[in-house]
Amino acid sequence: MVSLARSASNSKIHVVEIDHKEGTLVFQKRVVDVFYSPDAAPDFPVAMQISKKYNIWFYPSARSRDGHMYLYMNWISPDTIFVTAKLEAGTGLMGVNKKGQVLSVSVNEQNTISYILKNLATELAYKLASRGDLPGNLSEAAKNAATSPRGLYLTNPANIERFKLVPVAQGQVSPILQYFGILLEKGQLNKIESLELAIPVLLQGRKQLLEKWLKEDKLDCSEELGDIVKQLGLTLALSVYLRANIPNMVISYFAETGQYNKIILYAKKVNYTPDNSYLFQYIMRLDPKRAQNLPVNTSRTLQVVGCLLDVDCDEAIIKGLLMSVNSIIPIDEIVAECEQRNRLKMLLWWLESRMMQGSQDPQVYNAVAKIYIDTNSNAERFLKENQVRVEVCNQKSVVFDLLLF
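Definitions and cut-offs
- Residues numbered from 1 in each chain as written.
- Predicted model: local features only at pLDDT ≥ 70, side-chain atom pairs only at ≥ 80, totals over all residues.
- Heavy atoms only, no water.
- Helix = DSSP H or I, 4+ residues; strand = E, 2+ residues; numbered from the N terminus.
- Buried < 20%, exposed > 50% of the residue type's maximum accessible area, 1.4 Å probe, protein only.
- Areas by Shrake-Rupley, 256 points an atom, 1.4 Å probe, with all protein chains shown as cover.
- Salt bridge = Lys/Arg side-chain N within 4 Å of Asp/Glu carboxyl O.
- Contact = heavy atoms within 4.5 Å.
- Pairing = 2+ DSSP bridges.
- Axes fitted to C-alpha atoms, helices over the stretch in contact; angles between N-to-C directions.
- Polar contact = N/O pair within 3.5 Å; in protein donor to acceptor, adjacent residues only side chain to side chain.
- Parallel < 35°, antiparallel > 145°, perpendicular 65-115°, else oblique.
- Left-handed = near helix turned anticlockwise from the far one by under 90°.
- Nonpolar A, V, L, I, M, F, W, Y, C, P; charged D, E, K, R; others polar.
- Phe/Tyr/Trp six-rings, centres within 6.5 Å; stacked < 30°, edge-to-face > 60°.
- Core = buried A, V, L, I, M, F, W, Y, C linked by side-chain atoms within 4.5 Å.

**As for the overall build of the protein chain**
When helices and strands are counted, the protein chain shows 21 helices and 10 strands. Looking at the protein chain residue by residue over its 405 residues, the buried ones come to 42%. Accessible surface for the protein chain amounts to roughly 23200 Å². Of this, 51% is attributable to carbon and sulfur atoms.

**Observations concerning unusual backbone geometry**
A positive phi angle, near 55°, is found at N271, a position not held by glycine. Looking at where N271 falls in the secondary structure, it is placed in the loop between α11 (260-269) and α12 (276-286). You will see that N342, though not glycine, has its phi angle at about 55°, which is positive. Positionally, N342 belongs in the loop between α16 (331-339) and α17 (348-356). The exposed category is assigned to N342, whose relative accessible area is 73%.

**Observations concerning the pattern of salt bridges**
On inspection of all chains with the given rule, the structure shows 7 salt bridges. Between E339 and K370 there is a salt bridge, and its shortest N-O distance comes to 3.5 Å. Here the residue E339 occupies a position in helix α16, and K370 occupies one in helix α18 (residues 362-375), the gap between them amounting to 31 residues.

**Section: the environment of S353**
With respect to the secondary-structure elements, S353 resides in helix α17. Its relative accessible area of 16% is what places S353 among the buried residues. For S353 and M323, which are 30 residues apart along the polypeptide, the C-alpha to C-alpha distance reads 9.9 Å.

**Focus on the environment of I246**
As for its placement among the helices and strands, I246 is situated in the loop between α9 (234-244) and α10 (247-256). Those residues in contact with I246 that lie beyond four places of it in its chain are E223, Y241 and Y266.

**Quick look at the sheet that holds strand β8 (residues 81-86)**
Spatially, 3 strands are ordered β8-β9-β10 in an open sheet, and the strand pairing comes out antiparallel. Both edges of this open sheet fall to β8 and β10 (102-106), since each of them pairs with a single strand only. Adjacent strand axes in the sheet meet at a mean angle of 25° when their direction is disregarded. Bridge analysis of β8 against strand β9 (residues 92-97) gives 5 bridges, and the strand direction is antiparallel. In the strand pairing of β9, A85 is matched with M94.

**What about the side chain of N97?**
Within the secondary structure layout, N97 lies in strand β9. Side-chain polar atoms of N97 contact the side chain of Q101, separated by 2.7 Å.

**With respect to the packing of helix α5 (residues 175-186) against helix α6 (residues 191-203)**
Between α5 and α6, the shortest axis-to-axis distance is 11 Å and the interhelical angle comes to 125°. What the angle tells us is that α5 and α6 run oblique. Relative to α6, the crossing made by α5 is left-handed. In contact with L177, Y179, F180, L183 and L184 of α5, α6 contributes E193, E196, L197 and P200. Taken together, the residues of the contact of α5 with α6 break down into 7 nonpolar, no polar and 2 charged.

**Quick word on the pairing of strand β1 (residues 2-6)**
In terms of strand pairing, β1 meets strand β2 (residues 11-15) through 5 bridges, oriented antiparallel. Considered in β2, the bridge of V2 is made with V15. Between the antiparallel neighbours β1 and β2 lie 4 residues.

**Some remarks on the packing of aromatic side chains**
In this structure the tally under the stated criterion is 2 aromatic pairs. The interplanar angle of 70° and the centroid separation of 6.1 Å between the aromatic rings of F254 and Y266 together place this pair among those described as edge-to-face. In this pair, F254 is assigned in helix α10 and Y266 in helix α11, connecting sequence segments 12 residues apart. We note that F254, like Y266, is buried.

**A look at the nonpolar core**
With 42 residues, the main nonpolar core has L197, L210, W213, L219 and I263 as its most contacted residues. Those elements giving two or more residues to this core turn out to be α5, α6, α7 (207-215), α8 (223-229), α9, α10, α11 and α12. Once you skip the residues sitting within four places of it in the chain, L219 turns out to touch Q188, L189, S194, L197, L210, W213, L214 and L225.

**Some points on the sheet that holds β1**
The 3 strands lie next to each other as β1-β2-β3, forming an open sheet whose pairing is antiparallel. Only two strands of the sheet have a single neighbouring strand rather than two, namely β1 and β3 (30-33). Neighbour to neighbour, the strand axes of the sheet diverge by 20° on average, direction disregarded. As defined by bridge partners, β2 adjoins β3 across 4 bridges and the pair is classed as antiparallel. Note on β3: the bridge partner recorded for H14 is V31.

Okay, structure coming up:
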């Protein structure tokens, strides 16, 4: 409910909620002072109409409901208006004064926005133009906002989003791009502005503009910005990730482009320790064949093999890796890595090749026996021929306990 009253000392508008619906936000009561010009001191409000289209209150003066800011005041009748009704279109009101004159008051759609821009506030002009679909020089509004002190008007996501929704005639530059253009001339955009500017530039495919702004240090680089510009090229995204100091994304770029030698150099330069397990799996998904040619740290061979098994890598790749570090891998540990993934049989060819090379390592024979037992493949003959005590037999079968005895 909106009510307007005047006493000898003041005049106020009261706005209160009288029919609150459960589950909705509670409207906080508002009380706003009403201004009367000195030459209208005896005046008293006799009527009020609300335009839902424009969100404006009409009474002897017009007042906006957005922050309760006066829009315009003027005499419309020398005689008291005693009855009013809103115009059907919701653009104003009609009234009858005591002389019987019928008056019509409505918003001048062609001039209202220009008037507000010149005399009141840029943000108010934008809100009113968007709500009522009013024509006006919103380009001028964008310029005013861009040249205003930072922190005002459009430096928050909600207001930027409103500007983006302003319809633009074909062949014209949108107000939001004009706003960003002026800010770019003044200095660097903040993170929110950089992201919002990158999107329309991306849609237009104007990669050269982003490259120019990055070189001029006009954009606030972030991981989000890199993800956006990545659609225009990996190298452009890399330049953003480097400036934003996002090591994991830089390393992902080197992996994706096959520049594996740069991964270690970059990680050392920025003192960053990558997740080697994740990195290897990432490279495996991109290029399994090239992954096996990476310089492998032998102390991490077991971890790498585990990663390869987890991503269902081609066994030929795993075999190639095992052969490249043939004599260094602890047998019991590599067996454990494969056995816990039910892939122990995959090692048989490698273990047998070790035996053929003359290995006397008991762990090699233990592992072979374990595979033979699991696959029920000539285990008894193998144990007899090699006369090796295979520890796993105690877990597998009493028969083999007796056989070993």
